[in-house]
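In case you want the letters, here they are:
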Amino acid sequence: MSAGGAERDVQITGMRLEAAGVISLELQAPDRSALPRWHAGAHIDLVLPSGLTRQYSLCGDIDDTLRLRIAVLLESNGRGGSREVHGGLRLGQSVTIRGPRNAFELQPADSFVFVAGGIGITPILPMIRTAQRANATWTLIYGGRSRASMAFIPELERIGGDNVRIMPADETGLIDLDDVVTRAKAGAQVYSCGPAALLDALTERFAANDLTDSLHIERFSAASPKTAQQAGAFRVMLARSGGAVDVAADVSVMTALREAGHCVPSSCEQGICGMCETRVIDGVPDHRDMLLTEGERQRGDVMMVCVSRALTPTITLDL
Ligand code: FES
């Protein structure tokens with residue numbers, strides 16, 4: 001998982017309606033110089049004029065060093081970021097970005113199944129390009145409410161032809177998850193992004209079939225209020241600096257560390273981006289992030305300190 005990425009201003013050089021409620025933004029350097037290279041699964045922070053910062057997956061071509069592309073679904077009941085993108089940004093305008101960073105990296109394999117739900121297609125799109133260029137065997141299963149709501153269908157079909165299965169629920173019904181499990185049993189690595197219900201169902205089935213290491217998911221939303229309520233107090237031991245920090249029930253590890261004068265890098269502060277990933281040396285983390293795989297959770301050797309907590313009275317971190 002890579003972190004970092006400088007802040008820079010970019011210009012909006014393209015805006016397209018990709019599906020009902022989905023617009024894409026093309027971003028270029030003001031002087032049209034090359035932008036940082038990235039790999040499939042990467043995202044950027046978009047700093048909106050209001051000051052809101054949101055993470056969006058890069059969905060353009062990894063070989064195009066002059067342009068970045070993101071796509072944004074309008075979420076009327078969201079926290080305001082998508083409304084500002086849809087209603088407030090204009091072609092030619094300058095915006096600030098940070099990154100790219102990658103918390104959903106595609107690892108080399110001979111065979112892949114990509115499962116995308118709705119706007120979850122955005123990190124998957126560059127993955128299928130990468131798989132295609134690596135001559136890997138791959139299938140994309142792309143579900144959505146209706147064809148009109150699903151972005152990038154012509155582009156996906158152009159890249160993948162018969163490897164692409166478009167599954168609008170009103171035409172074909174829901175994605176057949178047993179079929180995905182069968183393919184994973186045959187050796188495919190599965191990468192999925194989409195609504196929580198889809199990712200929860202996949203996670204459950206893969207765990208039941210002892211296939212957790214074959215499943216790689218990226219979630220959009222933060223930990224649910226229910227998990228936040230289950231907080232208890234505990235103590236963080238700092239292995240390198242030798243101190244100890246008490247974490248009260250109503251504050252995060254990150255906040256407690258900062259209040260004690262320790263510097264902790266962060267971006268989303270919602271367990272989505274991976275920037276605050278910290279090595280765990282002793283103790284059992286209570287993972288509340290949205291990006292570690294089930295296998296990584298069970299290993300318990302890293303945690304996202306912005307949201308995750310401890311199941312043991314003390315936890316020792318590599319800080
Ligand atoms: Fe993004 Fe912690 S700051 S996962």
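The following paragraphs examine the structure supplied in this document. The residue count restarts for each chain, going from 1 along the sequence in the order it is written. Whole-chain, interface and lining totals are the exception, using all residues; otherwise, since this is a predicted model, local features are given only for residues with pLDDT of at least 70 and side-chain atom pairs are given and counted only at 80 or more. Side-chain numbers come from the whole structure's heavy atoms, not from hydrogens or water.

1. Quick notes on the environment of Met254
For the purposes of this entry, the term helix denotes a DSSP run of H or I that reaches at least four residues, the term strand denotes a run of E that reaches at least two, and both are numbered from the N terminus. Assignment of secondary structure puts Met254 in helix α8 (residues 253-259). C-alpha of Met254 to C-alpha of Val305: the two residues are 51 residues apart in sequence and 5.4 Å apart in space. Ignoring sequence-local partners within four residues, the contact set of Met254 consists of Val264, Pro265, Ser266, Glu269, Cys276, Val305 and Cys306. The criterion used for residue contact is that any of the two residues' heavy atoms lie within 4.5 Å.

2. Topic: helix α2 (residues 121-133)
Across its 13 residues, α2 extends 18 Å between first and last C-alpha, which sits within 8% of the 18 Å expected from 1.5 Å per residue. Within α2, 10 of the 13 residues are buried, leaving the element largely enclosed by the surrounding structure. For every residue, the accessible area obtained with a 1.4 Å probe (protein chains only) is divided by the maximum for its type, and the residue is called buried under 20%, exposed over 50%, and partly exposed between those limits. Among all positions of α2, only Ile121, Thr122, Pro123, Ile124, Leu125, Pro126, Met127, Ile128, Arg129 and Ala131 are buried. Positive backbone phi, at 60°, marks Asn135, one or two positions downstream of α2. Residue count minus one, scaled by 1.5 Å, sets the expected span of a helix.

3. Some words on the packing of aromatic side chains
Centres within 6.5 Å make a pair out of two Phe, Tyr or Trp rings, where for Trp the six-membered ring is used; the pair is then stacked when the planes are under 30 degrees apart, edge-to-face when over 60, and tilted otherwise. Evaluation of the coordinates by the stated rule reveals five aromatic pairs. Pairing Phe114 with Tyr191 gives two aromatic rings, centres 6.2 Å apart and planes at 45°, and the pair type is tilted. Taken as a pair, Phe114 in strand β7 (residues 111-117) and Tyr191 in strand β10 (residues 189-193) lie far apart in primary sequence, 77 residues in all. Judged on exposure class, the residue Phe114 and its partner Tyr191 are both buried. Here the aromatic residues Phe104, Phe112, Phe114, Trp138 and Tyr191 are joined through ring pairs into a cluster of three or more.

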